[in-house]
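Observations on the model geometry
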Amino acid sequence: KDDIKLQVLNKLFGESQLSYLYENLREDKGLCYYIRSSVGSSADGGTGSVNTDVRNKQTAYAIENIILEMLRLRNEDVEASDLKIAKNSLIGEYTRSLNPIAPIPYITFAMQKDVYGLPDDYLQNKVNRYYEVTIEDLKAMAQKYIDPFTCVITISGKVSELKGTLEKFGEVLYYDQNGNKI
């Protein structure tokens, strides 16, 4: 039931080059060339992730900024103009996907309709459901699904350069390239 709202939230958070993560970490701070968030839902639950590449020495600073963006979504209202851009982007992507030559959305819907208990008119009303998403909805979704204090952070890098810089975020486990705990 929250899928459409989460898609809009993710679009604002980090799915696109217009997102808060991209603007903060790439455009403002120059920490990375790309940063993307993703949200996936299934009948059993869902997943969320943020992926980027930064220099080892900038890792802790990047994590701080990702957490700040998470907290911003939880505690502040998004701008109405940002919400409009996110919704229009998702609507455009969705309508372009409804190609009668390659009917993937229709096939996917038919396969998943019963699993998710979706109504027969789900595809026809999807655009309207995007339009219905409000600023209040996004704050509620962020408060429900985004919790920077319980997330798991996985980092690949040189332990010698990272050790001692990440402990402020919580318990840190270090492993070598063979998966042995250090």
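Here the residue numbering is sequential within each chain, running from 1 through the sequence in written order. Predicted model: local features are reported for residues with pLDDT of at least 70 only, side-chain atom pairs are reported and counted for 80 or more only, and whole-chain, interface and lining totals are derived from all residues. To get the side-chain values, all heavy atoms of the structure are used, and hydrogens and water are removed first.

So, on to the overall build of the protein. Each helix and strand in the protein was counted, giving eight helices and two strands. The N-to-C order of helical and strand elements in the protein reads α-α-β-β-α-α-α-α-α-α. Projecting the C-alpha coordinates of the protein onto the three principal axes gives extents of approximately 55 × 35 × 30 Å. With 182 residues in all, the protein has 32% of them scored as buried. Counting contacts in the protein only where the partners sit at least 6 residues apart, residues at least 24 apart contribute 62% of the total. Working definition of accessibility: Shrake-Rupley area with a 1.4 Å probe, residue cover restricted to the visible protein chains. Summing over all exposed atoms, the protein offers an accessible surface of approximately 11600 Å²; the carbon and sulfur share of this is 50%. For the purpose of counting charges, residues Lys and Arg are taken to be positive, whereas Asp and Glu are taken to be negative. His and the chain ends are not included. By convention, the charge on Lys lies at NZ, on Arg at CZ, on Asp at CG and on Glu at CD. Charge-centre separation for the protein: the mean point of 22 positive side chains lies 3 Å from the mean point of 26 negative side chains. Helix numbering and strand numbering both begin at the N terminus, where a helix is a DSSP run of H or I of at least 4 residues and a strand a DSSP run of E of at least 2. Relative accessibility under 20% of the residue-type maximum defines a buried residue, over 50% an exposed one, and the middle range a partly exposed one, all with a 1.4 Å probe and only protein chains included. Only heavy atoms enter the contact rule, under which two residues are in contact if any of them lie within 4.5 Å.

What follows covers the pattern of salt bridges. Whenever a carboxyl oxygen of Asp or Glu lies within 4 Å of a side-chain nitrogen of Lys or Arg, that contact is scored as a salt bridge. Counting across every chain of the model gives eleven salt bridges. Between K11 and E15 there is a salt bridge; the shortest N-O distance is 3.8 Å. Taken as a pair, K11 and E15 lie in helix 1 (residues 3-15) at a separation of four residues, close to a single helical turn. Judged by relative accessible area, K11 falls into the buried class, the value being 5%.

Turning to the packing of aromatic side chains, a few remarks are in order. Any two of the Phe, Tyr and Trp rings considered here, Trp counted by its six-membered ring, make a pair once their centres fall within 6.5 Å; the pair's planes then place it as stacked at under 30 degrees, edge-to-face at over 60, or tilted in between. This structure, assessed with the given rule, holds zero aromatic pairs. Taking NZ or CZ as reference, R72 lies 3.9 Å from the ring centre of Y20, over its face. Two thresholds decide whether a charge sits over a ring: the Lys NZ or Arg CZ must be within 6 Å of the ring centre and within 35 degrees of the ring normal.

So, on to helix 7 (residues 135-145). For an α-helix, the turn length of 3.6 residues means that residues three or four places apart are oriented alike. Residues D137, L138, M141 and A142 constitute the buried set of helix 7. Taken around the axis of helix 7, the buried residues stretch over an arc of 135°, which confines them to a single face. Taken from the helix axis, the directions to the C-beta atoms give the arc we talk about.

Another point: the side chain of N24. By secondary structure assignment, the location of N24 is in helix 2 (residues 20-28). A residue is classified by how much of its surface remains accessible, and N24, at 10% relative accessible area, is buried. With residues near it in sequence (within four places) discarded, N24 still touches K29, N65 and E69.

The residue I153 is located in the loop between helix 7 and helix 8 (159-162) in this model. With 103 residues separating them in the primary sequence, I153 and V50 have C-alpha atoms 9.3 Å apart.

With that settled, consider the nonpolar core. Buried Ala, Val, Leu, Ile, Met, Phe, Trp, Tyr and Cys residues that are joined via side-chain atoms within 4.5 Å together make up what is termed a nonpolar core. V8, L9, L25, L73 and L138 are the most contacted members of the largest nonpolar core, which totals 33 residues. Listing elements by their share of this core, those giving two or more residues are helix 1, helix 2, helix 3 (59-75), helix 4 (80-97), helix 6 (122-132) and helix 7. With six residues, helix 1 is the largest single contributor of residues to this core. Leave out the neighbours within four places in its chain, and L73 touches L9, F13, Y20, V78, K139, A142 and I146. Membership of the second largest hydrophobic core comes to seven residues, among which are I63, V159, L166 and Y174.

In this section: the packing of helix 1 against helix 7. The axes of two packed helices give the description: the angle between them and the distance between them. Axis lines are fitted through C-alpha atoms, for helices just across the contact stretch, and the angle between N-to-C directions can take any value from 0 to 180 degrees. Where helix 1 contacts helix 7, the axes come no closer than 9 Å and their chain directions differ by 85°. Overall, the two elements helix 1 and helix 7 adopt an arrangement that is roughly perpendicular. Only D137, L138, M141, A142 and Y145 of helix 7 make contact with helix 1, whose side of the interface consists of K5, L6, V8, L9 and L12. Of the residues in the contact of helix 1 with helix 7, the class split is eight nonpolar, no polar and two charged. Roughly parallel here means an angle under 35 degrees, roughly antiparallel means over 145, roughly perpendicular means 65 to 115, and every remaining angle is called oblique. Gly is put with the polar residues, along with every residue not named as nonpolar or charged; the nonpolar set is Ala, Val, Leu, Ile, Met, Phe, Trp, Tyr, Cys and Pro, and the charged set is Asp, Glu, Lys and Arg.

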